[in-house]
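In case you want the letters, here they are:
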Amino acid sequence: MIRFENVSKVYARGTRPALDQVSLEVERGEFVFLVGASGSGKSTFLRLVLREERPTSGDIFALGRDLSKVSQWKVPMLRRQIGTVFQDFRLLPNKTVFDNVAIALQVIGKPRHHILTTVPETLETVGLAGKERRLPHELSGGEQQRVAIARAFVNRPAVLLADEPTGNLDPKTSIGIMRLLDRINRTGTTIVMATHDDEIVDQMRKRVVELEDGRTVRDQSRGVYGAAR
Ligand code: ADP
Ligand code: ADP
């Protein structure tokens, strides 16, 4: 689903690489935690998959395509197949819950009848049935993140990338969000989640890839946050 082959990313000439010769394969349906200190390259990895950045050297394959060969005008089509979730939710503050999720389908031209059935279904999946008409500020942080996940998932993307999705949430709320991501993963969606949340990583026992100064220093199936290598 995602393959990095000797990928390096140098943002500015003369600075140390944000990613340094990273080779990594994520199979369809996997759930992978990307862990590592702040600045270790986690977000850079995710941005490269989204073609928000391009590698300085090396090859990246995602969703069956060589990203170096995806022309700029086809990048939006690539991104339609990749859901994204962030620490700060990124909801539209003046739009209802329903509309925040519906927008993901409107921008790709889905017909109104499809939107009117799929959005409520997805909101039910994430545990927000009955909150369709609320505004984001009327929801708790955990509920806002569920809206963001619904928006990312409503289009049933092949891959979901999450950058610190529990970073603004208390531990109990975070566990609820992880259960939801786990459920989405079990529907077949590949998930890559960058996180600092050691308790979550230790509980979930998924594959753990650790970055340190842009290099992969650990890759464990059913790993924990801070294991000895
Ligand atoms: P993480 O997500 O693990 O905190 P990042 O991928 O954000 O790590 O950062 C990796 C390194 O790349 C850091 O040294 C960071 O300062 C640098 N970096 C990230 N984004 C940029 C950018 N747009 N321009 C220049 N340097 C950047
Ligand atoms: P319009 O197409 O004129 O924008 P709609 O009739 O689609 O208006 O929706 C009006 C408002 O009702 C929307 O802003 C949306 O928040 C809400 N809404 C629409 N459909 C549903 C639904 N099935 N469940 C809950 N809220 C809905």
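Residues numbered from 1 in each chain as written. Chains lettered and ligands numbered in written order. Predicted model: local features only at pLDDT ≥ 70, side-chain atom pairs only at ≥ 80, totals over all residues. Heavy atoms only, no water.

Within the structure, ligand 1 sits among Tyr-11, Arg-16, Ala-18, Ala-37, Ser-38, Gly-39, Ser-40, Gly-41, Lys-42, Ser-43, Thr-44 and Arg-47. For ligand 1, an oxygen atom lies 2.9 Å from a polar atom in the side chain of Lys-42. Between ligand 1 and Thr-44 there is a distance of 2.5 Å, counted from an oxygen atom to a side-chain nitrogen or oxygen. In the complex, the protein chains occlude 60% of the 550 Å² of accessible area that ligand 1 would expose alone. A breakdown of the residues in the shell around ligand 1 according to their chemical character gives three nonpolar, six polar and three charged. (Near = heavy atom within 4 Å. Polar contact = N/O pair within 3.5 Å; in protein donor to acceptor, adjacent residues only side chain to side chain. Areas by Shrake-Rupley, 256 points an atom, 1.4 Å probe, with all protein chains shown as cover. Nonpolar A, V, L, I, M, F, W, Y, C, P; charged D, E, K, R; others polar.)

Let's shift gears to the pattern of salt bridges. Under the definition given, this model contains twelve salt bridges. The partner of Glu-210 in a salt bridge is Arg-218, with the nearest N and O atoms 2.9 Å apart. Considered together, Glu-210 and Arg-218 belong to a single accessibility category, that of buried residues. Among the charged side chains, a network of salt bridges with common partners joins Lys-9, Arg-47 and Glu-53. (Salt bridge = Lys/Arg side-chain N within 4 Å of Asp/Glu carboxyl O. Buried < 20%, exposed > 50% of the residue type's maximum accessible area, 1.4 Å probe, protein only.)

Residue position: Thr-15 is located in the loop between β1 (2-9) and β2 (19-26). C-alpha of Thr-15 to C-alpha of Arg-186: the two residues are 171 residues apart in sequence and 40 Å apart in space. Looking at Thr-15, its side chain comes within polar contact range of the main-chain oxygen of Ala-12, at 2.6 Å. (Helix = DSSP H or I, 4+ residues; strand = E, 2+ residues; numbered from the N terminus.)

On to the confidence of the model for the chain, then. Taken over all residues, the pLDDT of the chain has a mean of 96, while the share at 70 or more is 99%. As a predicted assembly, this complex carries a pTM of 0.90 together with an ipTM value of 0.74. (pLDDT = per-residue confidence, 0-100.)

Our next topic: the side chain of Asp-182. Here Asp-182 shows up in helix α6 (residues 171-186). The residues touching Asp-182, leaving out its near neighbours within four places in the chain, are Phe-31, Met-204 and Lys-206. (Contact = heavy atoms within 4.5 Å.)

Moving on, we get to the site of ligand 2. Near ligand 2, the surroundings consist of Thr-96, Phe-98, Asp-99, Arg-112, Leu-116, Pro-120, Glu-132 and Arg-133. The separation between an oxygen atom of ligand 2 and a polar side-chain atom of Thr-96 is 2.8 Å. One of the side-chain nitrogen or oxygen atoms of Asp-99 is found 2.9 Å away from an oxygen atom of ligand 2. Coverage of ligand 2 by the protein amounts to 51% of the 550 Å² it exposes when considered alone. Secondary-structure elements contributing two or more residues to the shell around ligand 2 are α3 (97-106) and α4 (112-125). Ranked by the residues each element gives to the shell around ligand 2, the list is headed by α4, at three residues. For the shell around ligand 2, the residue count by class is three nonpolar, one polar and four charged.

Positive phi is not limited to glycine here, since Phe-89 has a value of about 65 degrees. Along the polypeptide, Phe-89 turns up in the loop between β6 (82-86) and α3. Among the residues examined, Phe-89 registers a relative accessible area of 11% and is labelled buried. Unusually for a residue other than glycine, Arg-156 sits at a positive phi of about 50 degrees. Its place among the elements puts Arg-156 in the loop between α5 (141-153) and β7 (159-163).

Attention shifts here to the packing of aromatic side chains. Under the criterion given, the structure shown has two aromatic pairs. Residues Phe-4 and Phe-45 carry aromatic rings whose centres are separated by 4.1 Å and whose planes lie at 20 degrees to one another, so their mutual orientation is stacked. Within this pair, whereas Phe-4 is found in strand β1, its partner Phe-45 is found in helix α1 (residues 42-49), the two being separated by 41 residues in sequence. Residue class for Phe-4 comes out buried when judged on its relative accessible area of 1%. Overall, Phe-45 belongs to the buried group, its relative accessible area being 1%. The positively charged end of Arg-90 is found above the aromatic ring belonging to Phe-86, 3.7 Å away from the centroid. Here the guanidinium or amino end of Arg-156 rests over the ring plane of Phe-153, the centre of that ring lying 4.4 Å away. (Phe/Tyr/Trp six-rings, centres within 6.5 Å; stacked < 30°, edge-to-face > 60°. Lys NZ or Arg CZ within 6 Å of the ring centre and 35° of its normal.)

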